[in-house]
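Observations on the three-dimensional arrangement
Listed below, chain by chain, are the residues.
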Amino acid sequence: MLDNMPRGTICIEDIEMGMTRHLRKEVTDRDIELFAEVSTDHNPVHLDDAYAQDTIFEGRIAHGMLTAGLISAVIGEQLPGHGTIYMGQTLKFLGPVRPGDVVYAEVKVIGVDYAKRRVQLDCICKVDGKKVLAGEATVLAPSRKFD
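Residues numbered from 1 in each chain as written. Predicted model: local features only at pLDDT ≥ 70, side-chain atom pairs only at ≥ 80, totals over all residues. Heavy atoms only, no water.

Things to note about the nonpolar core
Convention followed: As used in this record, nonpolar core signifies buried Ala, Val, Leu, Ile, Met, Phe, Trp, Tyr and Cys residues forming a set joined through side-chain atoms within 4.5 Å. For every residue, the accessible area (1.4 Å probe, protein chains only) is compared with the maximum for its type, and the residue is labelled buried under 20%, exposed over 50%, or partly exposed between those bounds. Per the convention used, a helix needs a DSSP run of H or I reaching at least four residues, while a strand needs a run of E reaching at least two, with both numbered from the N terminus. The contact definition used throughout considers only heavy atoms, calling two residues in contact when any of these lie within 4.5 Å.
Within the largest apolar cluster, 30 residues are counted, with the highest numbers of intra-cluster contacts made by Ile-15, Ile-71, Val-107, Val-119 and Leu-121. Mapped onto this core, the elements with two or more residues apiece are helix H4 (64–77), strand S4 (102–113), strand S5 (118–127) and strand S6 (130–140). Sort the elements by how many residues they give to this core and H4 lands first, with six residues. For Ile-15, the residues in contact, after removing those within four places along its chain, are Ile-10, Pro-80, Val-109, Val-112, Tyr-114, Val-119 and Ala-141.

Considering helix H1 (residues 29–39)
Stated formally: The directions considered for the arc run from the helix axis to the C-beta atoms.
Within H1 the residues assigned to the buried category are Asp-31, Ile-32 and Ala-36. In a view along the axis of H1, the buried residues occupy a sector of 135°, so they form one face of it. Of the residues in H1, the exposed ones pointing more than 90 degrees away from the buried face are Arg-30, Glu-37 and Val-38. On its buried face, H1 is in contact with strand S1 (20–26), helix H2 (44–47) and H4. Thr-40 sits one or two positions beyond H1 and adopts a positive phi of about 65°.

A word on the pairing of S4
Quick reminder of the rule: Strand pairing requires that DSSP identify at least two bridges connecting the strands.
Strand direction decides the pairing type here: S1 and S4, joined by seven bridges, are antiparallel. Bridge pairing in S4 links Arg-21 to Val-107. Where S4 meets S5, 10 bridges bridge the pair, whose relative direction is antiparallel. Bridge pairing links Val-103 to Val-127 in S5. Here S4 folds back onto S5, and the loop between the two strands holds four residues, one of which, Arg-117, carries a positive phi near 65°.

A look at the state of the cysteines
Our working definition: Criterion for a disulfide: a pair of cysteine sulfur atoms at a distance within 2.5 Å.
For the coordinates displayed, the defined rule picks out zero disulfides. Distance from the sulfur of Cys-11, which forms no disulfide, to the nearest cysteine sulfur (Cys-123) is 20 Å. As a non-bridged cysteine, Cys-123 has Cys-125 as the owner of its nearest cysteine sulfur, 8.3 Å distant. Cys-123 gets classed as buried once you look at its relative accessible area, which sits at 0%.

A short note on the environment of Met-17
Looking at the element boundaries, Met-17 is found in the segment before S1. Separated by 103 residues in the primary sequence, Met-17 and Gln-120 have C-alpha atoms spaced 9.5 Å apart. Apart from the residues lying within four places of it in its own chain, the contact partners of Met-17 are Val-109, Ile-110, Gly-111 and Val-112.

This is how it looks when you write it as structure tokens:
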């Protein structure tokens, strides 16, 4: 993982509009195989080269939810970070992620309700500068009051 942001927690009291965090990760064959095992999604478009060649993708692709999991990693590790609780997520899959692709996953604060500890995040993933995933997340951020 090419993670260039610190891990930990940003409490609700310190979250500001426009804050961003990101990571970069190369998606490997091993990642895809492990995700298939954990999720039980063994669709051959992810695992079988010969099968995948005859699809609209003309080759194997990573599971869409594997890519979405990188957004979860940024939220759970960086912004807001440890102690964050997911409340909702929308996703649009805009392009394939292939084995060997380096995915750039970023979240940006687009709304904050300090009283309810809720944070809205714009979420994107890109490969070679092209968006492959877009969506929004709503999370419950940790607070210093409860530490």
